[in-house]
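Chain residues, written in single-letter form:
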Amino acid sequence: HTSTRAMRAAAASVVAVRVLARASSSRARAMSRASPTFVDTHAHVDVVLDKLGLPSAEAYLEYADAFAREHGAAAALEACVTIGCSEKSLASAAAVVDGSERMFGAYGCHPLSAREWTRTRTRVREMLTTGARVVAVGETGLDYHRIRDDAEDGEDAEAYKTTQREAFAEQMRLATELGLPLIVHTREAETDTVAMMKEHLPADARVHVHCFTSSVGMAMELLRAFPNLCLGFTGVSTFKNGQDVRDTIKEVPLDRILLETDSPYMAPVPFRGQTCHPAMGERVAHAVAAVHEVDVEEVFARCRENTRRVYGI
């Protein structure tokens, strides 16, 4: 009986060693092919929290992890750049950043809030120089999409454009002074946007032209003028009517592309009609991969490196 027990113990020991070896091998393989991650480089997370009814950034990140598992995502959301670009959103964006080490902040004045700039410029500078995990100035830029409708009563449309241009120029100078990247919003203002950027930014400026939906010609001109500039693409790249954006993506090298959602807006296919949120940015990578005819893993890897280069994240 003693011999039988010894033989069984020895056999059990061999099995245990084999199990441990397989587990070790599995861990080694997992480490060698770590799952890709991505950073949502442009989101309004404070608004996302409100729309999803979530109390905090950490609560959202748990929600994002569950969302990724539910939908079999090819990459996990690693971090977000959340934007405070109006008098109202500066504090709420900063609260998001304070709520999680995976949240990074950018502060500035959106062109549609340009009238506020004279009131917020001092506060924005303070936030950029003293805030936690600050990575950029912005978003700022020019938006002429509904310039006459957006002009206030009695205000000339050209005067409103001037207000936008002045705020844009000051924020470009601020980004240069502080050595921070600049986030640019441009809509139906291609000529003025390019001209002002060439006038007010050094050629080596780190720039993210976000939610890019402008022409291929503008894209190429910006990429040539600013070698450290990247273009951000959103869920629009997945839309049925987004072929113009896909045509632009085709011309933009992978090392000049950033993934973003601009959430809570423009949820990608297949989530149209839902509140967009950062975890959905994974679908943008699939759209980029399809256009460039590469594996999505390559898109995640290249865009993750681009994020490090532009934002230092």
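Here's what I pulled together on the structure shown here. Note that the structure is a prediction, hence the values are computed from the model and not measured.

What follows concerns the overall build of the chain. Per the secondary structure count, the chain includes 12 helices and eight strands. Here the chain holds 313 residues, and the buried ones make up 50% of them. Considering only contacts in the chain between residues 6 or more positions apart, those separated by 24 or more positions represent 72%. Surface exposure of the chain reaches about 14700 Å², of which carbon and sulfur atoms provide 50%.

Right, let's get into the packing of aromatic side chains. Enumeration according to the criterion identifies four aromatic pairs in this entry. A ring pair is formed by F67 and F271, whose centres lie 5.2 Å apart and whose planes are at 55°; its orientation type is tilted. Pair noted here: F67 is in helix α3 (residues 57-70) and F271 is in the loop between β8 (257-259) and α11 (281-292), with a separation of 204 residues, a long-range link. Here F271 falls in the buried class, since its relative accessible area comes to 6%. When the ring of F212 is compared with that of F233, the centres are 6.3 Å apart and the planes differ by 75°; the resulting orientation is edge-to-face.

Membership of the largest hydrophobic core comes to 82 residues, with the highest contact counts inside it found for Y107 and M197. Excluding anything up to four places from it in sequence, M197 contacts F168, M172, V184, V207, V209, L222, F226 and L229. Of all hydrophobic cores here, the second largest spans 15 residues; its members include A79, V81, V135 and V310.

Take helix α9 (residues 216-225) next. All of the buried residues along α9 are M218, A219, L222 and L223. Along the long axis of α9, the arc covered by the buried residues comes to 130°, so they all point the same way. Where α9 is buried, its residues touch β5 (182-187), α8 (190-200), β6 (207-209), β7 (229-233) and α10 (243-251).

This next bit is on the packing of α10 against α11. Running from N to C, α10 and α11 point in directions that differ by 65°, and their axes come no closer than 9 Å. Looking at the two axes, α10 sits roughly perpendicular to α11. Where α10 crosses over α11, the handedness of that crossing is right-handed. Contact residues: α10 offers R246, I249 and K250, while α11 offers V288, V291 and H292. For the contact of α10 with α11, the class distribution of residues is three nonpolar, one polar and two charged.

All right, on to the packing of helix α4 (residues 89-98) against helix α5 (residues 117-130) then. Running from amino to carboxyl end, α4 crosses α5 at an angle of 10°, the nearest separation of the two axes being 11 Å. Relative to α5, the element α4 is oriented roughly parallel. Contacts between α4 and α5 involve L90, A91 and A94 from the first element and T120, R123, V124 and M127 from the second. Split by residue class, the contact of α4 with α5 holds five nonpolar, one polar and one charged.

Further remarks concern the layout of surface pockets. For the largest pocket, the calculated volume is near 740 Å³. In this structure, the largest pocket is lined by 31 residues; those nearest its centre are H110, H185, R187, D262 and Y265. Broken down by secondary-structure element, the contributors of at least two residues to the lining of the largest pocket are α2 (45-52), α4, β4 (134-143), β5 and α10. Tallying contributions element by element places β5 first for the lining of the largest pocket, with three residues. In the lining of the largest pocket, the residues fall into nine nonpolar, 13 polar and nine charged.

Turning to the pattern of salt bridges, a few remarks are in order. If the charged atoms of two oppositely charged side chains come close together, the side chains can form a pair. Taken as a whole and judged by the stated rule, the model has 10 salt bridges. For R165, the salt bridge identified is with D192, shortest N-O distance 3.2 Å. Of this pair, R165 sits in helix α7 (residues 157-178) while D192 is found in helix α8, placing the two residues 27 residues apart along the sequence. When its relative accessible area of 23% is taken as the criterion, R165 is described as partly exposed. Between E298 and R302 there is a salt bridge, and its shortest N-O distance comes to 3.2 Å. On the criterion of helical spacing, the pair formed by E298 and R302 is a turn pair, its members being four residues apart in helix α12 (residues 296-311). Judged by relative accessible area, E298 falls into the partly exposed class, the value being 33%. Of the residues examined, R302 reaches a relative accessible area of 32% and is grouped as partly exposed.

Taken together, the eight strands give an open sheet; going across it, the order is β1-β2-β3-β4-β5-β6-β7-β8, and neighbouring strands pair in parallel fashion. Since the sheet does not close on itself, it has two edges, and those belong to β1 (37-43) and β8, each with one partner. Strand-to-strand twist across the sheet, computed as the mean angle between neighbouring axes with direction ignored, equals 30°. In the sheet, strand β3 (residues 103-107) pairs with β4 via three bridges, with the strands oriented parallel. In the sheet register, A106 faces β4, and the bridge partner there is A136. Of the strands in this sheet, β1, β2 (76-84) and β3 touch α2, which is tilted by about 110° from β2. Strand contacts of α7: β4 and β5, with the helix running at about 155° to β4, the strand carrying the most contacts.

Thresholds applied
Residues numbered from 1 in each chain as written. Predicted model: local features only at pLDDT ≥ 70, side-chain atom pairs only at ≥ 80, totals over all residues. Heavy atoms only, no water. Helix = DSSP H or I, 4+ residues; strand = E, 2+ residues; numbered from the N terminus. Buried < 20%, exposed > 50% of the residue type's maximum accessible area, 1.4 Å probe, protein only. Contact = heavy atoms within 4.5 Å. Areas by Shrake-Rupley, 256 points an atom, 1.4 Å probe, with all protein chains shown as cover. Phe/Tyr/Trp six-rings, centres within 6.5 Å; stacked < 30°, edge-to-face > 60°. Core = buried A, V, L, I, M, F, W, Y, C linked by side-chain atoms within 4.5 Å. Arc of directions from axis to C-beta. Axes fitted to C-alpha atoms, helices over the stretch in contact; angles between N-to-C directions. Parallel < 35°, antiparallel > 145°, perpendicular 65-115°, else oblique. Left-handed = near helix turned anticlockwise from the far one by under 90°. Nonpolar A, V, L, I, M, F, W, Y, C, P; charged D, E, K, R; others polar. 1 Å grid on protein atoms, 1.4 Å probe; cavity = no way out; pocket = protein on both sides within 12 Å on 5 of 7 lines; lining within 4 Å. Points joined across faces, edges and corners; volume = space filled by probe spheres on them. Salt bridge = Lys/Arg side-chain N within 4 Å of Asp/Glu carboxyl O. Pairing = 2+ DSSP bridges.

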